[in-house]
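What follows is each chain in one-letter form.
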Amino acid sequence: MKVLLVCLFAAVYAKHEVYLGWKSFYVKPSSHDQLKGLGSLIPKLELDFIIKPTVDREGIVLVRPPYQDDFLNFLASEKIEHWIHAEDVKAQLDKDDQMIEEYMQERRSTKTEGMSYDRYQQLDIIYKYLDTVASKYSDIVKIVTPATSFENRPLTYLKISKDNFKSGKPVIFLDGAMHAREWITVPTVTYAIHKLVENVTEPDLLDRFDWILFPVVNPDGYQHSFDRERMWRKTRSTDQHSMGRICRGVDINRNFDFVWNTTGTESHPCSDIFPGSKALSEVETRVVNAIFTEHKDKMVMYLSVHSFGSMILYPWSNNGTLSDRAFALHTVGIRMADAINAFSVINFPRYRVGNSALVLDYFTSGSSDDYAHSIGVPLAYTLELPGRGSNGFVLHPRYIKPVIAETWAGVVVGARMAGDLFGSR
Ligand SMILES: *[C@@H]1O[C@H](CO)[C@@H](O)[C@H](O)[C@H]1NC(C)=O
Ligand SMILES: *[C@@H]1O[C@H](CO)[C@@H](O)[C@H](O)[C@H]1NC(C)=O
Ligand SMILES: *[C@@H]1O[C@H](CO)[C@@H](O)[C@H](O)[C@H]1NC(C)=O
Ligand SMILES: [Zn+2]
């Protein structure tokens, strides 16, 4: 009995053990110098910013045990305002899990056709759902697996079309889970599949467009975030540098072939924004890139679904300038945000819309939306879904249904406007 108890205890608490002793802090720099100083610490202290700070707006950063003294000493010497966010990151994650567990036990599983949206699903359920939809609606849905991930998981997406993309309708492309820990993005994309084929309340969307839906771009990272490190972001590749076994993975959203490795990346391979040894080094990036290449002439809208922050962001992220499509990008972005805000039943923060660099106050290179836009996709966005609670990536499953429904309302409006503005391209 005692042994059994100990085993159970270990099974539950082994879950977030990599975060033993980690703390998280709010940091609020008051000048660009302080902000730069913090940035320079990232590689040295292997900092992981959950929310990036900007001047006079606090961010949240995870700090590993061996670096906590150095970190606090630096903040003190530079007089950077800070306060504690979580004294014990592991305990916080355990507490979140426990709340979710209690919530799950209180409810019977309410299974709507194929997949339930009262929990975050493991990969096997998601793959099975894609298979089921593809075979049940084989006249309009094609399942495509052009390659496997670094760890040999299928990189699978659906093409949904009334005529197998033959008549050259405008194409709309949504992807999710490019960043592993952003779990809410996956049901958001599978719900779009549901609304296009299983519960069709907007039939014009299939009459007018061909669709590509790629729910899990980064399955290796996604699985790892379930099994080992909830806050994992990158791929799981080991072949990018000599420290590959110690520091795995590449940030897919810094790995596209667009002003690659010029700004907003870290050369240190342990960093969460490591861009890889070269552009398109990751097979996951290459599969998304091939979709762009194949459909760029017809693609009118691309939504890369991320979390969190309630933002609709558009190019250029590398320098904060506006593209010559900025007016359309902004107008359609605002209309999507209005639709989401109007639909929203929970009081999430209202969506903000704007140029990525101007809204976030930092530059990035090698991002997928910039790349798509650079090869001619007129409406290319990064959608940051809402977050809530002590850690925005760990969104309680009770919010899945509200988020996917409100986001779909935005997609519907965005798609129709994309068709009106660019459908005859
Ligand atoms: C289909 O979607 C509508 C609108 O969201 C909803 O009211 C209805 O219950 C759904 N039907 C099924 C069978 O899920
Ligand atoms: C990325 O850019 C940095 C800074 O210019 C440079 O030090 C590094 O070598 C580059 N990485 C690669 C793989 O080219
Ligand atoms: C900003 O980046 C875009 C995209 O690469 C480029 O077309 C533009 O010339 C750049 N503008 C400036 C001022 O550097
Ligand atoms: Zn992301």
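- Going by the annotation in an unreviewed UniProt entry, the name recorded for the chain is Jg16897 protein, with Pararge aegeria aegeria given as the source organism.
- Recorded in UniProt for the chain, the comment headed Cofactor (unreviewed entry) runs: "Zn(2+)".

### Some words on empty space enclosed by the protein
Step number 1: Scanning the entire structure with this criterion turns up two cavities of 30 Å³ or more.
Step number 2: Considered as a void within the structure, the largest cavity measures approximately 80 Å³ in volume.
Step number 3: Lining the largest cavity are Ser24, Ile50, Leu62, His85, Ala86, Val89, Gln92, Leu93, Asp96, Ser390 and Asn391.
Step number 4: When contributions to the lining of the largest cavity are tallied by element, the ones reaching two or more residues are strand 4 (81-86) and helix 4 (89-106).
Step number 5: It is helix 4 that provides the largest number of residues to the lining of the largest cavity, a total of four residues.
Step number 6: Residues belonging to the lining of the largest cavity are distributed by class as follows: five nonpolar, five polar and one charged.
Step number 7: Size it by volume and the second largest cavity reaches roughly 40 Å³.
Step number 8: Every residue lining the second largest cavity is listed: Met115, Ser116, Tyr117, Arg119, Gln121, Ile126, Val186, Pro187, Thr190 and Tyr222.

### Overview of the sheet that holds strand 6 (residues 154-160)
Step number 1: Pairing within the open sheet is mixed, and its eight strands lie in the order 5-6-8-7-9-12-10-11. Here the strands that pair on one side only, and so sit at the sheet edges, are strand 5 (141-148) and strand 11 (352-355). Going from strand to strand, the sheet's axes swing by 20 degrees on average, the running direction of each strand aside.
Step number 2: Across five bridges, strand 7 (residues 171-175) lies against strand 8 (residues 210-214) in parallel orientation. Paired with Asp175 across the two strands is Phe214, which belongs to strand 8.

### Brief notes about the site of ligand 3
Step number 1: Contacts to ligand 3 come from Phe258, Trp316, Asn318, Asn319 and Thr321.
Step number 2: Asn318 is positioned such that a nitrogen or oxygen atom in its side chain is 3.1 Å from an oxygen atom of ligand 3.
Step number 3: Separating an oxygen atom of ligand 3 from a side-chain N or O atom of Asn319 is a distance of 2.4 Å.
Step number 4: Considering ligand 3 on its own, with 360 Å² of exposed area, one finds that the protein chains cover 43% of that surface.
Step number 5: By residue class, the composition of the shell around ligand 3 is two nonpolar, three polar and no charged.

Quick notes on the rules
Residues numbered from 1 in each chain as written. Chains lettered and ligands numbered in written order. Predicted model: local features only at pLDDT ≥ 70, side-chain atom pairs only at ≥ 80, totals over all residues. Heavy atoms only, no water. UniProt positions renumbered as here; feature names shortened; annotations may be inferred. 1 Å grid on protein atoms, 1.4 Å probe; cavity = no way out; pocket = protein on both sides within 12 Å on 5 of 7 lines; lining within 4 Å. Points joined across faces, edges and corners; volume = space filled by probe spheres on them. Helix = DSSP H or I, 4+ residues; strand = E, 2+ residues; numbered from the N terminus. Nonpolar A, V, L, I, M, F, W, Y, C, P; charged D, E, K, R; others polar. Pairing = 2+ DSSP bridges. Axes fitted to C-alpha atoms, helices over the stretch in contact; angles between N-to-C directions. Near = heavy atom within 4 Å. Polar contact = N/O pair within 3.5 Å; in protein donor to acceptor, adjacent residues only side chain to side chain. Areas by Shrake-Rupley, 256 points an atom, 1.4 Å probe, with all protein chains shown as cover.

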